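# Understanding the architecture of this molecule
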Amino acid sequence: MQLVSKKAVGQWLLLSLLSEQRELLERTRQFQAKYGVDFSDFEKQLQKQEHEIVGQWEDFIEWQSVNTALAEIRTKIKDVEDGAIRVVD
């Protein structure tokens, strides 16, 4: 049997969350490079369009999902950094 400390589990979890955050941030950077604006400005541009461009709306939905996932990951990272984790069976 291996013994693992709560601190070690927290460190592994934190590394995993940071990796996931990095991937999401990279996807955000890709969208910003593609459209030359941040999410908020991109959303405003879409709202002003007279005709829908399907590909842009698909990117909007994905970008919005990435932003939601980033917010969730940041909350989890903060919890782990604050020690707000509990190891269960």
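The text that follows walks through the structure, step by step, so that each part is easy to find. (Residues numbered from 1 in each chain as written. Predicted model: local features only at pLDDT ≥ 70, side-chain atom pairs only at ≥ 80, totals over all residues. Heavy atoms only, no water.)

This part covers a nonpolar patch on the surface. Taken together, the side chains of V4, W12, L15 and L18 make up a nonpolar region of the molecular surface, amounting to roughly 420 Å² of accessible area. In this fold, L18 is placed in helix α1 (residues 6–35). (Patch = residues over 30% accessible without salt bridge, like charges linked within 9 Å, V, L, I, M, F, W, Y side chains within 5 Å. Areas by Shrake-Rupley, 256 points an atom, 1.4 Å probe, with all protein chains shown as cover. Salt bridge = Lys/Arg side-chain N within 4 Å of Asp/Glu carboxyl O. Helix = DSSP H or I, 4+ residues; strand = E, 2+ residues; numbered from the N terminus.)

Two packed helices can be described by the angle between their axes and the distance between those axes. Running from N to C, α1 and helix α3 (residues 54–81) cross one another at 155°; their axes reach a closest spacing of 9 Å. The orientation of α1 with respect to α3, classified from their angle, is roughly antiparallel. At the point where α1 passes α3, the crossing takes the left-handed sense. Each residue belonging to the contact of α1 with α3 can be placed in one class, and the counts come to 15 nonpolar, 7 polar and 8 charged. (Axes fitted to C-alpha atoms, helices over the stretch in contact; angles between N-to-C directions. Parallel < 35°, antiparallel > 145°, perpendicular 65-115°, else oblique. Left-handed = near helix turned anticlockwise from the far one by under 90°. Nonpolar A, V, L, I, M, F, W, Y, C, P; charged D, E, K, R; others polar.)

Moving on to the packing of aromatic side chains. The full count for this structure, using the stated rule, is 6 aromatic pairs. Ring geometry for F42 versus W63: centroids 5.4 Å apart, planes at 35°, classification tilted. With F42 in helix α2 (residues 39–48) and W63 in helix α3, the pair connects residues that are 21 residues apart, well separated along the chain. Of the residues examined, F42 reaches a relative accessible area of 1% and is grouped as buried. Aromatic rings pair up to connect F31, Y35, F39, F42, W57, F60 and W63 into one cluster. (Phe/Tyr/Trp six-rings, centres within 6.5 Å; stacked < 30°, edge-to-face > 60°. Buried < 20%, exposed > 50% of the residue type's maximum accessible area, 1.4 Å probe, protein only.)

Before going further, it helps to examine the environment of S65. Along the chain, S65 turns up in helix α3. S65 gets classed as partly exposed once you look at its relative accessible area, which sits at 43%. As a C-alpha pair, S65 and L24 span 41 residues in sequence and 9.8 Å in three-dimensional space.

What follows is about the pattern of salt bridges. On inspection of all chains with the given rule, the structure shows 4 salt bridges. Of the charged contacts in the structure, one is a salt bridge between R29 and E26, with a shortest N-O distance of 3.3 Å. Here R29 and its partner E26 are both found in helix α1, 3 residues apart, which amounts to about one turn of the helix. On the basis of relative accessibility, which here comes to 35%, the residue E26 falls in the partly exposed class. Close ionic contact of K78 with D82 constitutes a salt bridge, the shortest N to O distance being 2.7 Å.

Another aspect to go through is the packing of α2 against α3. Contact geometry of α2 with α3 gives a least axis separation of 11 Å together with a crossing angle of 150°. Where α2 crosses over α3, the two elements pack in a sense that is left-handed. In this structure, α2 uses F39, F42, E43, L46 and Q47 to contact α3, whose residues at the interface are Q56, W57, F60, W63, Q64 and N67. (Contact = heavy atoms within 4.5 Å.)

These values are about where atoms sit, not about what they do.
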